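Fold and geometry: a report
Chain by chain, the residues:
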Amino acid sequence: MDASVLYNVPHEVPWKIYIPFYFYFTGLSAGSFILSTLSTVFRIKRFKPMALPAAIISFLLLLLAPMCLILDLHQPLRFWHTLVPEYFNNTSALSYGSWLLTAYPIANLIYIYFIFVKNDRVTRALGMFTVPLAIFVHAYTGFAFALVRARAWWHSALMPGYFLTSALLSGIALLVVVAMVMDHYRKEKLDPELFESLRVMMIGIILIDLFWMGSFWLTLLVSNADGYASIMFALHDRLYVGGELFFGMLVPLALLIIPWTARDRVFLCLASILIICGVFLMRYSVVFIGYDIPLS
Amino acid sequence: MTGFSRREFLRLAGLMGGASLFTGCHLFEQAGPIPEYMSGAPASDPAETIQGVTDVYSVCSLCPGNCGIRCRVAQGTLVKIGGSPYNPISAEQPLPFDTRLEEAKLHGGSICAVGGSGVQTLYNPFRIARPLKRVGPRGSGKWKALSWDEAIREILAGGDLFGEGKIAGLKAIKEAKDPSAFLAGTIDWGSFTFIKQFLAALPGSSLHRDDSVMMAEKARQAADAVFGPGTGAIDADYRNARFVLSFGDAPLDSGVPLVSKGRDIATSRVNSGGFKWAVVDPRLSTSASKADIWIPVIPGKDQDLVLGIMRALGLRFPHRVRFPHPDLEATVKKRTVQDYADSCGIPVQTMATIAELLVASGKHSAVIAGRGILAQPNGTEIAKTVLSLNLMVGSIPGSGGLTKSSDQFIKTAEKKLLGEGAQETKPQRYGSPVKALLLWGADPVYDNPASASTYFADRKHVPLFVAIEREITETAALADYILPDTTYLERWDICLAPPSVPEPGIGARSPVVGGLDPKIGKYFPIFHETRPMEEIIFQLASGLALEGFKTNPAVGPKTAWQYYQGALKVVLEAMKESELPVSDSKEAVEETFRRGGIFLPRSQAMETTASQSAGNDYHPPQLEKRSKNAAPDKDSLRLITYTLPFHRTPPSGLNSWLLEVLPENRVLINTGDARKRNISYGNTVTVETPDKKTSLTCKAQVMPGIRPGVVALAAGFGYTQAGARQYSVDNEITTANIPRKAGVNPANLKTEQGPLEVKIKKA
Amino acid sequence: MEKKTDNSTSKQNASSKEEPAAPARVRRLGMLVDQRRCIGCHSCTIACKSENNVPLGFWRSWVKGLQKGSYPDVGNFFLRRLCNHCDVPPCTQVCPVQATVRRPEDGVVVMYYGKCIGCGMCIGACPYDARFFHPIRHTADKCDFCTARIDRGLQPACVEACVSRALVFGDLDDPKSEISRRLASLGTTVIKPELGTRPKVFYVAADNSLKGRIIYSEDWEEQIHKYHDHIPSPDASYWKEGEDK
Ligand SMILES: Nc1nc2c(c(=O)[nH]1)N[C@H]1C(S)=C(S)[C@@H](COP(=O)(O)OP(=O)(O)OC[C@H]3O[C@@H](n4cnc5c(=O)[nH]c(N)nc54)[C@H](O)[C@@H]3O)O[C@H]1N2
Ligand SMILES: Nc1nc2c(c(=O)[nH]1)N[C@H]1C(S)=C(S)[C@@H](COP(=O)(O)OP(=O)(O)OC[C@H]3O[C@@H](n4cnc5c(=O)[nH]c(N)nc54)[C@H](O)[C@@H]3O)O[C@H]1N2
Ligand code: SF4
Ligand code: SF4
Ligand code: SF4
Ligand code: SF4
Ligand code: SF4
Ligand SMILES: [Mo]
């Protein structure tokens, strides 16, 4: 049988590059914040020097994230509509997200203040309150996709978890880079153990991410037509396979594991940078491979 | 003055390319009467509840269908064209004429894609805003804007107008009774009658027609020859026929009008009333795909198919069919069914099935021939043969399968307007040398690029060429003067219903935008410097002091409005005389214009003279001897053309809503043929004539629904003028628009002479 | 022109505008698209474009067409598309500001343009590609069953225009309405019923190859990667770049 399309119309992708950036910065911020709380809330002393820089980075990224979102809005001046209680939509992840994104930077700022004034007790209490906020902020971006049944590539229960762990991963990687820069300029050197634990954490999370990815692939491969089309499309997409998977996960994993690169700060730094980029590509492919599979 | 006009023209030309049609309208702001349209605003109020939103009823003119339209006008801007609920073409159950206008608002009618896009014909950014005179050689695209007075004075007086030597003006031509012509395309009855009156008064003048009219004329001749003189155009009665056999006719693609044929055919098909339909077409048109039987004949071999069906009829049902003429019978019997089948490419079995269906449906059959037949060389004779199939099974117009419009009263009205002495003459195709040519409503150069452009470009054939046009069409591009007239949405006319519509009545067109000063009867169009064609002719006529011009402003009407008020009154009188229940009062004339026409129920249709005399005055077709097989090149394919339901040949097909659906035409090619040439969907290919003199480059649409060995191109694309190119007006260069030149014009390969052998190669 | 308006009618209608349109009974409006009748002529498309002033390159209503088979057994198939006015609409589910909602009084899924922040979430969430960003209004937009018309007792523009009378519009909860009677006698389907969106646009004789993305190839790679090459209609940029200077 032969077939030939007589007419059809195009449907524009509503989002531009700002949207993956938005999801990425939100994640990065949440990831850095959780790292900051490792010493303040979870009392892991080793991470103490990172607490303040991580919190500040987290806060700065949080300013960037909504900026990206607003840049993508077609009615940027109406951003405040998301905070009008009457307009709140209790089925919309974005509705919750807007409130979270408002509450979280404020909590974050107060938290930073108390680290700065070195009030550990208040910092801890605040941190305990803000950690779930950070987790929600991050998971919400995953939910924003997971709750869209239209696109098989998004509509997965794994999404929030995957977004969360990869956020953490990018947060750690960013901090490794920041720590190295700090180390370079500061007189008192950081504890090498700090880098070691960050390295181990990264390995662990990459493995978890790979597990998510594998589960994702397997379910999609035997899923409905759209799911199958998405995964086949992804597996043929250079950015996804070469960028996100190979250079974003496998290469850094190797660099972090292979003994003679694992010990070398330069390679640690390289691995972290690759991870930072890889996680961005993950956000990018989640958004746009979703749109690459035509619906009608 | 000229500066203003140039700016205005440039502004019009420059505004294409906006995201919305209506963004363009902002640029008209200074034109005054067109206020700003809130681009992207929610739909303006359809129920006429906002102050300033009105419904105006008129008649579409974008194909010969003449559907009734209802135009929604918001603060003077036309925002939407819909179908009229009063009109039997547009509405399944038309409202009675006396239904109040407010009540009519709650009802609606259908409209086709082309008709709906007419808003863009009105607000076409490439409309000409002022009279233009060429400053370079013909076709150079260099123009100069003039005032009306200058333009008319020059056309009348002549002189060394272009620095190319002395040219006789209309006055001198009239004095010398030298030949002059008015070339009119497919135009409506009211304006046609007007032009006839003008020509009757102008010594030495004659009426020329273009190929579109000649096509309709061929159809009329064929029907007259088969069913008797005076039959005129016929069509299938899709509401009542039991079996329709369409030869090269695609009522669901290019139905005239699509609006009622689409509805009637759908109803007959879906109601299990036993309606059967077969379509003879080398290409799977929408019509063919909706029909019960698709007969993909070899293009140009329709004659053999008809004769084969006749042979099968004669053999299988010798007692139930009758050959209308012994000559035809003799011709048919010369060959066997198998022989016919071999040459037309359709199996014997199919011919037998068709024969059975024809006999089973008898006088409820309808066999019709469309452009696919008429455009073939010897098309009239093949059409006669096709129509003869009706007679063989006892079907005549009005017997159930075939319909015919019953507008006998229109002949009476014509006599009243033109005087008893006026002779009905056969339309004459353009092409003979004349001293001056006026052109209106025709674009022969698009239909016939090679030969028509030689004729119009040659100053020896036509020393003075004046186009009355709305934009610079392919033909107007070659004119000496272009006088900008108004569109169908800014003029009056009286329009006949097409033959497929049996309800007696007429459509009355009137302007939907612009303003009328009823005191002086003068109409002010939205572009101040455009005029209805009639008023241009009035101006020429008064300059020529035409004595016998009945509509001479000195004695009769002075404006288009006055002329049509009078003409409609005459038509209503004639209807009344034909015992149709209508009034011919002044109020009735107004009411008729207000409702876009007047139609009576089908039951009022009169018996046509043809149905009594049918078959008694039969003229057998003059068929050519068995067409020689010119041993076609193995590699060559036969090119045919077709019409898309959402496109129109010049220039309304350039409406962006239509181009949006399909921006360019692609050559349709069978999957197998494409594979052999390594062509796949969307590839760029060249279509070349065997002599390699002309070729076109376009994209390929590889599809299974076309006969192997055949390729097809849709008409209505590939413009070279009308905004597709740049012009220089008063030395300023205008903007061109790329979407307007997309696709190819198949007529460049001389497709008007029927199917054509071509070669297709991947580019 | 003097013939257009006589004052009495416009006054009468102006007053009728003020009276509340809310009907006493809750209705559930829906549409039936009879693909047996549909000829893919795009009359509905253009009627919708002009009624709602939809900019070039964007569609509230469109028609898909496919030819398939093997010569000479071939058919043309059409599918006339618009918003499904889902009873469980995924688009309203995701909107952060309730700018798009299912009207409780008649089940029509409408846009409140003044509220919309233009985030685009609903556009991605509609399984039917029924939504788009309106480039002039700068909000999401979609078919609203011509609310401006139906609230005044008129038929939607596409239903009125359709030359083949393939479209029937009416109240699904009124057993006497024409649409209910047709639904009771014809076999109908909806698009992507498995998503549980409960569409209120019903199709008679809709072809499977057209209901989702057009299936024109068995080869998934050809089908997905080349999909856009098989769309004849241009996107908005074609019109924006149309000028040749
Ligand atoms: N939308 C729209 N409708 C229109 C018009 C328009 O421009 N646009 N134009 C109007 C006008 S002026 C006219 S004259 C009519 C024309 O309307 P029709 O008479 O229907 O003519 P076409 O659509 O050009 O061709 C009809 C069919 O003939 C087929 N054909 C081509 N060559 C052959 C052949 O050799 N043998 C056979 N058997 N078939 C062949 C074509 O594939 C096509 O499907 O349409 C009118 N309707
Ligand atoms: N390849 C190919 N070519 C074809 C055909 C085909 O099927 N294939 N079909 C042929 C047939 S059957 C036909 S009928 C023709 C149709 O082609 P045309 O006869 O060329 O097209 P029309 O749309 O009738 O418009 C003719 C001219 O009338 C002008 N016009 C229309 N209304 C008005 C008006 O109110 N005022 C003024 N001043 N001008 C007006 C338009 O601007 C246009 O220039 O095409 C023919 N050419
Ligand atoms: S069929 Fe379409 S183009 Fe032809 S007259 Fe009717 S509405 Fe106009
Ligand atoms: S107007 Fe009617 S027949 Fe034409 S495409 Fe639309 S639904 Fe189909
Ligand atoms: S079709 Fe799409 S836009 Fe329409 S109601 Fe359903 S989800 Fe919403
Ligand atoms: S684009 Fe507008 S309607 Fe759509 S989800 Fe965002 S705010 Fe709601
Ligand atoms: S109901 Fe109105 S908005 Fe919806 S497709 Fe039809 S015409 Fe367009
Ligand atoms: Mo024609």
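Residues numbered from 1 in each chain as written. Chains lettered and ligands numbered in written order. Predicted model: local features only at pLDDT ≥ 70, side-chain atom pairs only at ≥ 80, totals over all residues. Heavy atoms only, no water.

Scanning chain C for helices and strands turns up ten helices and ten strands. In chain C, which comprises 245 residues, the share counted as buried stands at 67%. Carbon and sulfur atoms make up 50% of the accessible area of chain C, which amounts to about 8600 Å² in all. (Helix = DSSP H or I, 4+ residues; strand = E, 2+ residues; numbered from the N terminus. Buried < 20%, exposed > 50% of the residue type's maximum accessible area, 1.4 Å probe, protein only. Areas by Shrake-Rupley, 256 points an atom, 1.4 Å probe, with all protein chains shown as cover.)

Core analysis: the biggest nonpolar cluster contains 162 residues, and Leu78, Leu245, Phe247, Leu313 and Leu389 of chain B have the highest contact counts within it. In this structure, Phe47, Ala65 and Trp212 of chain A together with Ile123 of chain C belong to the second largest nonpolar core, which totals 118 residues. (Core = buried A, V, L, I, M, F, W, Y, C linked by side-chain atoms within 4.5 Å.)

A separate point is the site of ligand 1. All names here are of chain B. Ligand 1 sits among 31 residues. The nearest are Ser254, Asp281, Asp302, Arg371 and His647. With respect to ligand 1, the side chain of Asp302 contributes an N or O atom lying 2.5 Å from a nitrogen atom. Out of a free accessible area of 910 Å², ligand 1 has 90% covered by protein chains. Looking at the shell around ligand 1, the elements with two or more residues in it are α16 (371–374) and β25 (637–642). Per-element accounting of the shell around ligand 1 gives the leading share, three residues, to β25. Its residues placed into classes, the shell around ligand 1 shows 13 nonpolar, twelve polar and six charged. (Near = heavy atom within 4 Å. Polar contact = N/O pair within 3.5 Å; in protein donor to acceptor, adjacent residues only side chain to side chain. Nonpolar A, V, L, I, M, F, W, Y, C, P; charged D, E, K, R; others polar.)

Before going further, it helps to spend a moment on the interface of chain C and chain A. Tallying the contact residues gives 65 residues for chain C and 48 residues for chain A. Taken together, the two surfaces of chain C and chain A that pack against each other cover about 5100 Å², and 59% of this comes from carbon and sulfur. On inspection of chain C and its partner chain A, the count reaches one salt bridge. With a closest N to O distance of 2.8 Å, Asp226 of chain A and Arg213 of chain C form a salt bridge. On inspection of chain C and its partner chain A, the count reaches 32 residue pairs in polar contact (both at pLDDT 80 or more). Residue assignment for the side of chain C that touches chain A shows that the elements contributing at least two residues are β2 (62–70), β3 (73–81), α3 (90–94), α4 (121–125) and α9 (220–225) of chain C. (Contact = heavy atoms within 4.5 Å. Buried area = accessible area lost by both parts, 1.4 Å probe. Salt bridge = Lys/Arg side-chain N within 4 Å of Asp/Glu carboxyl O.)

Strands sit in the order β25-β29-β26-β28-β27-β33 (chain B) around a closed barrel of six strands; the barrel is mixed. Each strand of the sheet is rotated relative to its neighbour by a mean of 45°, with strand direction disregarded. (Pairing = 2+ DSSP bridges. Axes fitted to C-alpha atoms, helices over the stretch in contact; angles between N-to-C directions.)

Residue and element names in this part refer to chain A. Under the counting rule described, the total for this entry stands at 42 aromatic pairs over all chains. Seen from their ring centres, Tyr24 and Phe280 are 5.4 Å apart, and the 75° between their planes marks the pair as edge-to-face. Of the two residues, Tyr24 sits in helix α1 (residues 18–40) while Phe280 sits in helix α10 (residues 265–292), which places them 256 residues apart along the sequence. Residue Tyr24 is classed as buried on the basis of its relative accessible area of 6%. In this structure Phe280 comes out as buried when scored by relative accessible area, which is 14%. Consider the rings of Phe33 and Tyr111, whose centres lie 4.9 Å apart with planes at 55°: the pair is tilted. Highlighted residues: Phe33 in helix α1 and Tyr111 in helix α3 (residues 93–116), separated in sequence by 78 residues. (Phe/Tyr/Trp six-rings, centres within 6.5 Å; stacked < 30°, edge-to-face > 60°.)

A turn of α-helix holds 3.6 residues, and therefore any two residues three or four places apart point the same way. Residues and elements named next belong to chain B. All buried positions along helix α23 (residues 586–594) are accounted for by Ala588, Val589, Thr592 and Phe593. Buried residues of α23, viewed axially, fall in a sector of 135°; they line one side. Structural note: α23 exposes Lys586 and Glu587 on the side pointing more than 90 degrees away from its buried face. Residues of α23 that are buried sit in contact with β1 (53–59), β20 (493–496), β21 (505–509), α22 (560–577) and β24 (597–599). With its phi angle positive at about 70°, Gly596 sits one or two positions after the end of α23. (Arc of directions from axis to C-beta.)

Bringing helix α14 (residues 337–344) of chain B into the picture now. All names here are of chain B. Taken together, the buried positions of α14 are Val337, Tyr340, Ala341, Ser343 and Cys344. Tucked into the core, α14 has its buried residues touching α12 (302–316), α13 (326–333) and α15 (348–361). Downstream of α14 by one or two residues, Gly345 has phi in the positive range, about 80°.

What the rule picks out here adds up to 66 salt bridges over all chains. Arg509 of chain B is the salt-bridge partner of Asp188 of chain B, the closest N and O atoms lying 3.0 Å from each other. With a gap of 321 residues between them, Asp188 of chain B in the loop between β8 (180–184) and α7 (189–201) and Arg509 of chain B in strand β21 connect regions that are remote in the sequence. Close ionic contact of Arg283 of chain B with Asp253 of chain B constitutes a salt bridge, the shortest N to O distance being 3.7 Å. Here Arg283 of chain B is found in the loop between β12 (276–280) and α11 (286–290), whereas its partner Asp253 of chain B is found in helix α9 (residues 251–254), with 30 residues between them in sequence. Given a relative accessible area of 7%, Arg283 of chain B falls into the buried group. One salt-bridge network, held together by shared partners, links Arg70, Arg72 and Lys80 of chain B together with Glu51, Arg149 and Glu160 of chain C.

In this structure, the amide linkage connecting Val256 of chain B to the following residue, Pro257 of chain B, adopts the cis form with an omega of -5°. With respect to the secondary-structure elements, Pro257 of chain B resides in the loop between α9 and α10 (258–270). The omega angle of the peptide bond from Tyr71 of chain C to Pro72 of chain C is 0°, so this bond is cis rather than trans. Structurally, the position occupied by Pro72 of chain C is in the loop between β2 and β3. A positive phi is found at Asp730 of chain B, a non-glycine position, where the angle reads about 50°. With respect to the helices and strands, the residue Asp730 of chain B is situated in the loop between β30 (728–729) and β31 (732–733). For Lys192 of chain C, which is not glycine, the phi dihedral falls at a positive 50°.

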